[in-house]
Amino acid sequence: MSRRTILALSGAATAALALTAASLPWTIAAPRAVAFAERDLARRYGLGLSAAGPATLTLLPAPSLSFSRVRLRRGDHDLVESAGLQVQLGLAGLLAGRAEVTGLVLDRARIALPDGAAADWAEPAARLAARVAAGRGRHLRRLVLVDATLSGRDPRTGTRETVTGLNLVATWPRPSAGLDLSAAFTWRGVPATLTVSGLRPPALAAGAETPLTAALTWAAGPGAEGGAAGSAEIEGSLVWAGTTADASADGATAGPRLSGQGRFATPALPRTLAWLGLEPGPAALAGPVSLEGRFTARPGGVEWPEIRVQLGDSRLEGAGALAVVRGRFSVSGTLAAERLDLSGLLPEAEPDGGWSRAPLGLDALTQGDLDLRLSAASARLGALEAQDVAAGLLVRDGTVEATLGRATVQGGTVKGRAALAALPAGLDARLQGSADRVDLGGLFADLGWPRWILGRGQGSAVLDTAGSSLADLVGRLDGRAVATVEGGEILGLNLADLAQRPDTAALALRRGGRTHFERARVSLTLNDGIAEIGQGQVRGGGVTASLGGRVFLAERRLGAEARIEAGGEGRPAGRFAIEGPWLRPVLRPLAARDPLPSPTLPTAASAYAP
């Protein structure tokens, strides 16, 4: 073997041994290693470092110092406690005999933000922002948290919040590159993931605009109280106004400004808001929700000059805004839809067909403010279909007001207003509405009611009530209502035949028939859920019928009496009782009222007669 070969083999062996040695961790004196790394942390960020366990040095694949049972502190306050810490060092600085911290890896760290610790974190953050903005020195290129726990007090509610199982990787390879971050964590029992990319720290620190792409996803929490799954995505730009003076030009306060395109989706909005610790307010009525559009977010509010909202099967477009005023959410918007389904607002029907006795209240709806204007080419509320709908919903502290500006229902026009106010037990309701030229036959068919009358009707109602359930509200209903039908027809009943043969009343509805009329009118006065028929009359086709009696709304029952006259005056009139369920009543003939007998004297009294 030649000398050159021997030297080559010896050099290769020496290099291999050196590489192996450099790749192995070397235990070194912990105090010196701590002091070495601490100098750079203190100079750049004002942080102190202490370690209770041994220290190791590894040169490959990158120089690093590893410590166990570590504390990072500011003054006398511990900011971070970690089971392990790896400090990654720049090779050039290490060769020059100084520490240049380029990365930190914290294992099972406990990061606490105790009360009054804002100042402890403020100086490290300010130093970092100043160095990044000025472009001075080397920056922290990598931050890794493994199974960390982050706890702090919610500034809005004052309660202690904890994020567990936090696994985070943040990389910023060079000053001209963007910062990328990915994290997985669990908060309030719900697993979530967060990704951020494109962020330019120098621009952000200098108060300039930086691009930003972020995505947050979360899974459904355990049990009925857990949050529903969902996602939020943002693609836009971010700028940070550091002082109030910087922000005074547009009247906003200091803080982050985010604008761009955003998207949010969740199958159950109330549960998601509850997971976030927010009162659902009017959102308690919503189910699956998604929204996307162009937005601008500032401290205390968000504006959507363009927004598309999906509520169940309904898709709306328009503009909106959200603001936080003294800790209370205020939402406003103007939205339009081609088709709108509001059936979810209706209470569930009782199995026995009666009025629901489930407790009612406004607490869940009035935790925030809402000013919403809606329009739709067509809308559905249960079985009722309407076109050209313009409506509004106004929610203020303790009150809800719904307005129907106009709607076309079966060829007619309907308007209405409902005002609800919270009571100590239940709510107070004031209702008013009007309808003009509505096709009653089509309306009854839509509602699934028997089509017993045809024609175009008009009417109005003014009602008020109070109670703790729907049954209470119906049972305490007061007010008045009036309805008129011109040129209509009664199906299933021939009033002329019935007047001439009262004995056929029991079979009249089964036998069927028709009664054409020129005008039908009824007025009702309501008191405690009982409607008194003040004026009920049908004229036309040689028949005049009058109606009186009561409608018992709570029982959904009729207790009325009809008087039917056929032919000219002087003809006998038939009298009938109309009883039973109001949608399927029973006719029963009543005996004619005989005139009262003339008073007579006993026979023995004739002797006393003059």
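Residues numbered from 1 in each chain as written. Predicted model: local features only at pLDDT ≥ 70, side-chain atom pairs only at ≥ 80, totals over all residues. Heavy atoms only, no water.

> A description of the overall build of the protein should follow, citing residues and the corresponding values.
Each helix and strand counted, the protein has 11 helices and 30 strands in total. Taking all 610 residues of the protein together, the buried fraction comes to 35%. With an accessible surface of roughly 33600 Å², the protein has 58% of that area assigned to carbon and sulfur atoms. (Helix = DSSP H or I, 4+ residues; strand = E, 2+ residues; numbered from the N terminus. Buried < 20%, exposed > 50% of the residue type's maximum accessible area, 1.4 Å probe, protein only. Areas by Shrake-Rupley, 256 points an atom, 1.4 Å probe, with all protein chains shown as cover.)

> How would you summarise the nonpolar core if you had to cite specific residues and measurements?
Nonpolar side chains in soluble globular proteins tend to end up buried together. If you look at the biggest cluster of nonpolar residues, it comprises 110 residues, and the most contacted ones within it are Leu49, Phe67, Leu85, Val87, Leu166 and Ile564. Top contributing element to this core by residue count: helix H2 (residues 30-45), with 7 residues. Other than its neighbours up to four places away in sequence, leucine 166 contacts Leu145, Val146, Asp147, Ala148, Ala183, Ala184 and Phe185. (Core = buried A, V, L, I, M, F, W, Y, C linked by side-chain atoms within 4.5 Å. Contact = heavy atoms within 4.5 Å.)

> Could you give me a rundown of helix H8 (residues 440-447), with the residues and numbers involved?
When we look at burial in H8, the residues that qualify are Leu440, Gly441, Gly442, Leu443 and Phe444. Tucked into the core, H8 has its buried residues touching strand S19 (384-396), strand S20 (399-409), strand S22 (427-439), strand S23 (453-467) and strand S24 (478-491). Backbone nitrogen of glycine 441 and a side-chain oxygen of the N-cap are separated by 3.2 Å at the start of H8; the cap is aspartate 439. At the exit of H8 stands glycine 448, carrying a positive phi of roughly 80°. (Polar contact = N/O pair within 3.5 Å; in protein donor to acceptor, adjacent residues only side chain to side chain.)

> Go over the confidence of the model for the protein with me, naming the residues and quoting the values.
Mean pLDDT for the protein: 81, with 79% of residues reaching 70 or above. When mean pLDDT is compared element by element in the protein, S22 scores highest at 95, while helix H6 (residues 244-247) scores lowest at 43. Across residues 15-24, where pLDDT falls below 50, the model places 9 contacts with residues more than four positions away in sequence or in other chains. Taken as a whole, residues 243-251 scores under 50 in pLDDT and shows 10 contacts with residues more than four places along the chain or in a different chain. (pLDDT = per-residue confidence, 0-100.)

> A description of the environment of leucine 41 should follow, citing residues and the corresponding values.
Within the secondary structure layout, leucine 41 lies in helix H2. A relative accessible area of 2% means that leucine 41 is categorised as buried. Residues leucine 41 and glutamate 100, spaced 59 residues apart in sequence, show a C-alpha to C-alpha distance of 8.7 Å. Apart from residues no more than four positions distant in its own chain, leucine 41 is found in contact with Gly46, Leu47, Leu49, Leu72 and Val101.

> Explain the pairing of strand S29 (residues 573-581) to me, and be specific about the residues and the numbers.
Examined bridge by bridge, strand S28 (residues 557-566) and S29 share 9 bridges and lie antiparallel to one another. Bridge pairing in S29 places alanine 560 opposite isoleucine 578. The sheet contact formed by S29 and strand S30 (residues 586-590) spans 5 bridges and is antiparallel. Bridging across to S30, alanine 577 finds its partner in arginine 588. Between the antiparallel neighbours S29 and S30 lie 4 residues. (Pairing = 2+ DSSP bridges.)

> Break down the side chain of serine 151 for me, with residues and values.
Among the structural elements, serine 151 can be located in strand S7 (residues 142-153). The contact partners of serine 151, leaving out residues within four places of it in the chain, are Ile111, Ala112, Leu113, Arg160, Glu161 and Thr162.

> I'd like to hear about the pattern of salt bridges, residue by residue, with values.
Counting across every chain of the model gives 21 salt bridges. The closest approach of N and O atoms between glutamate 81 and arginine 110, which form a salt bridge, is 2.6 Å. Taken together, the residues glutamate 81 in strand S5 (residues 77-89) and arginine 110 in strand S6 (residues 101-113) connect sequence positions 29 residues apart. For arginine 588, the salt bridge is made with glutamate 579, and the minimal N-O distance between the two is 2.9 Å. If you follow the salt bridges from partner to partner, you end up with Arg71, Asp78, Glu81 and Arg110 in one network. (Salt bridge = Lys/Arg side-chain N within 4 Å of Asp/Glu carboxyl O.)

> Talk me through unusual backbone geometry; I want residue IDs and the actual numbers.
With phi around 55°, arginine 108 is a residue other than glycine that occupies positive phi space. The topology assignment puts arginine 108 in strand S6. Overall, arginine 108 belongs to the partly exposed group, its relative accessible area being 46%. With phi around 55°, aspartate 147 is a residue other than glycine that occupies positive phi space. Mapped onto the elements of the fold, aspartate 147 is located in strand S7.

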